[in-house]
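# Summary of the model geometry
What follows is each chain in one-letter form.
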Amino acid sequence: MRQYRNFIDGQFVEGIGTFADVDPVTGATIAEVHEAGAAQVDAAVSAARAALNGPWGRMSVRDRCQLLRRVADLIDERAGDLLAAEVADTGKPEPRALALDITRAAANFRTFADTTAAEGVESFLLEYGEASQALNYALRKPLGVVAAIVPWNLPLLLLTWKLAPALACGNTVVAKPSEETPGSATVLAEILQEAGVPDGVYNVVHGFGKDSAGELLVAHAGIDGVTFTGSSPTGAGIMKAVASRVRPVSFELGGKNAAIVFADADLDATVEGLSQSIFANTGQVCLCTERVYIERSVFNEVAGRLAERARTLKLGAPDDPETTTGPLISLAHREKVLRYLKLAEQAGATVLVGGGIPDLEERLAGGCWIEPTLWTGLTNADQVVREEVFGPVAALIPFDTEEEAVELANDTEYGLAAVVWTRDLKRAHRVAGRMDVGIAWVNTWFLRELRSPFGGTGLSGLGREGGRHSLDFYTETTNVCVAL
Ligand code: NAD
């Protein structure tokens, strides 16, 4: 059986015990994961501190970024190994994992190598008194030892989204991948080592959140900041854990994202776009749409066509070229999604499509399968329309005016993403700008320029990452003021 060990100071080490890594496609155990206890977390933080004070801390930005480009090249070279680990852990269709997760991992390293290498210093001339001047300039320094805690839905993509800028800025990192998806973070350790990243710069501790590696890591006094992607309640807990030491946090949390469909939209493109934004990665993307507000005059048409499109999705194994949709991550997560299906039923929803566990071939019987599901007949007052389900589900709700659509879309505690579907250019800008979210798309979804700010408002997060916004989080500045 494959073993995933902790990676500390350049060595793969065992922990306090093991837990099973389960294939969500079949329910079979595919690897044993070595859980880090207090001693391993402490060793990882100490190694990261020592590396920060060692040659890594003195390396020029140019050399560091050169090393990260080498990491990107090695990710491309070892795409097959990363793909195997990622697909085994998540069950997502192989072509999608290759095109999105693995490709983006390499792009994350290249982007942040380029962005960071191009970053200059900020300077101001201060004039005071009759003829006195002082030169101010801000030096950027690494934040220090960064704890990077990531979820299971896009494991490698989200880890490298944090790791690449953190390393480019000269930090060292202790990463805690999700207990559901330990694979790709571990393979990445081999890649960084092969690229020549010094020991202790990237460490991986495996385990759970509560009473395990996650809590031990964020409570550790040697951590200088936490970058976290995951659920909003976990984010709130981490905030409390670091509050007494006043450490900076960057949070990318949950969403309950809306799409607004105006009657003037290109309905072919809209139906296809909605199908992507609702069902991609089996609805397990923080940016996925779970609420669709549709102008009443086209409501029945859009709802009908979307349901028809949903029926064409093919649930299946990752290596089946016909597969469009994989399983949920775990049976525990499926229980949660099933609870919401029940809640929708109790609220009087009409199920347009889906609504339960699909009948699949024998070899997939132990997997975490769920049917793509669309509801009508719900309102914003219903629990299932207010809370993040994180599955392939959406509530379709009609509206009559632009004002009403904006109000309905913003009527949530979350604020991650929104999509506006319209051919009216002025309305597109007007409505997109009124969305209380970090990212508003018009006539598309998921397109990302990695230098632009990414993050959410309200329960969806704190801070922005991407391009120089990441550099702001992963660095501290010292302003030097020199009287001239
Ligand atoms: P989660 O919060 O349960 O776990 C995320 C990570 O935090 C895991 O590694 C987990 O072990 C760890 N963790 C859990 N409790 C902890 C604690 N008390 N202290 C320290 N670490 C702890 O989230 P999940 O179920 O893995 O992921 C799904 C959630 O992530 C959804 O809410 C989704 O919207 C969100 N997400 C957000 C973004 C974004 O960019 N905004 C991206 C992807 C996923």
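Remember, predicted model here, so these are calculated numbers, not experimental data. (Residues numbered from 1 in each chain as written. Predicted model: local features only at pLDDT ≥ 70, side-chain atom pairs only at ≥ 80, totals over all residues. Heavy atoms only, no water.)

Ranked by size, the top nonpolar core spans 96 residues in total, and within it I75, Y202, L287 and L374 carry the most contacts. Looking at this core element by element, the count peaks at 10 residues for helix α6 (residues 155–168). Looking at this core, you find at least three residues from each of domain 1 (2–253 + 460–483) and domain 2 (257–449). For L287, the contacting residues outside a window of four places in its chain are N257, L416, A417, I439, W441, W445, F446 and F454. By size, the runner-up hydrophobic cluster in this structure holds 30 residues, among which are F262, C368, A405 and A409. (Core = buried A, V, L, I, M, F, W, Y, C linked by side-chain atoms within 4.5 Å. Buried < 20%, exposed > 50% of the residue type's maximum accessible area, 1.4 Å probe, protein only. Helix = DSSP H or I, 4+ residues; strand = E, 2+ residues; numbered from the N terminus. Domains from an automatic or database assignment. Contact = heavy atoms within 4.5 Å.)

You can see E127 is positioned in strand β6 (residues 122–128). Judged by relative accessible area, E127 falls into the exposed class, the value being 61%. Along the backbone, E127 and L484 are 357 residues apart, and their C-alpha atoms lie at a distance of 9.9 Å. Those residues in contact with E127 that sit more than four places away from it in its chain are S132 and Q133.

Between two packed helices, what matters for the description is the angle formed by their axes and the separation of those axes. The geometry of helix α4 (residues 79–90) relative to helix α5 (residues 94–117) is characterised by a closest axis approach of 10 Å and an angle of 115 degrees between their N-to-C directions. In terms of their interaxial angle, α4 and α5 are classed as roughly perpendicular. Viewed along their axes, α4 and α5 form a crossing whose handedness is right-handed. Along the contact surface, α4 presents A79, L82, L83, E86 and V87, while α5 presents E94, A97, L98, D101 and I102. (Axes fitted to C-alpha atoms, helices over the stretch in contact; angles between N-to-C directions. Parallel < 35°, antiparallel > 145°, perpendicular 65-115°, else oblique. Left-handed = near helix turned anticlockwise from the far one by under 90°.)

With respect to spatial proximity, 29 residues lie near the ligand, and among them K176, E179, T234, L253 and E388 are the closest. One of the backbone nitrogen or oxygen atoms of G209 is found 3.5 Å away from an oxygen atom of the ligand. In the complex, 89% of the free accessible area of the ligand, which totals 840 Å², lies under the protein chains. Most atoms of the ligand, that is more than half of them, are within 2 Å of grid points of the largest pocket. (Near = heavy atom within 4 Å. Polar contact = N/O pair within 3.5 Å; in protein donor to acceptor, adjacent residues only side chain to side chain. Areas by Shrake-Rupley, 256 points an atom, 1.4 Å probe, with all protein chains shown as cover. 1 Å grid on protein atoms, 1.4 Å probe; cavity = no way out; pocket = protein on both sides within 12 Å on 5 of 7 lines; lining within 4 Å. Sits in = over half its atoms within 2 Å of the grid points.)

Time to look at the pairing of strand β17 (residues 393–399). Among the 7 residues in β17, 6 count as buried, and that is most of the element. Bridge analysis of strand β14 (residues 289–295) against β17 gives 5 bridges, and the strand direction is parallel. Note on β17: the bridge partner recorded for E295 is F399. (Pairing = 2+ DSSP bridges.)

Another aspect to go through is empty space enclosed by the protein. Using the criterion set out here, one finds 5 cavities of 30 Å³ or more in the structure. Roughly 90 Å³ of internal volume is contained in the largest cavity. Lining of the largest cavity is provided by R104, L154, L157, L158, W161, V285, C286, L287, F446, R448 and F454. For the lining of the largest cavity, the element with the highest residue contribution is α6, accounting for 3 residues. Classifying every residue of the lining of the largest cavity gives 9 nonpolar, no polar and 2 charged. Taken together, domain 1 (2–253 + 460–483) and domain 2 (257–449) each give at least three residues to the lining of the largest cavity, which thus spans both. (Points joined across faces, edges and corners; volume = space filled by probe spheres on them. Nonpolar A, V, L, I, M, F, W, Y, C, P; charged D, E, K, R; others polar.)

Moving on, we come to helix α10 (residues 267–279). Spanning 13 residues, α10 covers 18 Å between terminal C-alpha atoms, matching the ideal 18 Å at 1.5 Å per step. Along α10, the positions that sit buried rather than exposed are L267, T270, V271, G273, L274, S275, S277, I278 and F279. Near the N-terminus of α10, the side chain that reaches the backbone nitrogen of D268, with its oxygen 3.1 Å away, is that of D266. (Expected span 1.5 Å × (residues − 1).)

The strand order across the open sheet built from 7 strands is β15-β16-β17-β14-β13-β19-β20, with neighbouring strands paired in mixed fashion. With one partner strand each, in any of the chains shown, β15 (350–353) and β20 (439–442) form the two edges of the open sheet. Going from strand to strand, the sheet's axes swing by 25 degrees on average, the running direction of each strand aside. Bridge count between strand β13 (residues 257–261) and strand β19 (residues 417–421): 4 bridges; the pairing is parallel.

This brings us to the sheet that holds β6. Adjacent strands of a sheet form backbone hydrogen bonds with each other and so pair up, either parallel or antiparallel. Taken in spatial order, the 3 strands of this open sheet run β6-β7-β23, and their pairing is antiparallel. Taken across any chain shown, the strands that pair with only one partner, and hence form the sheet edges, are β6 and β23 (475–483). On average, each strand axis in the sheet is inclined to that of its neighbour by 20 degrees, with strand direction left out of account. With 7 bridges joining them, β6 and strand β7 (residues 132–142) adopt antiparallel strand pairing. Residue pairing across strands places L125 opposite L135, the latter belonging to β7. Docked against the sheet, helix α16 (residues 467–474) engages β7 and β23, running at close to 90 degrees with respect to β7.

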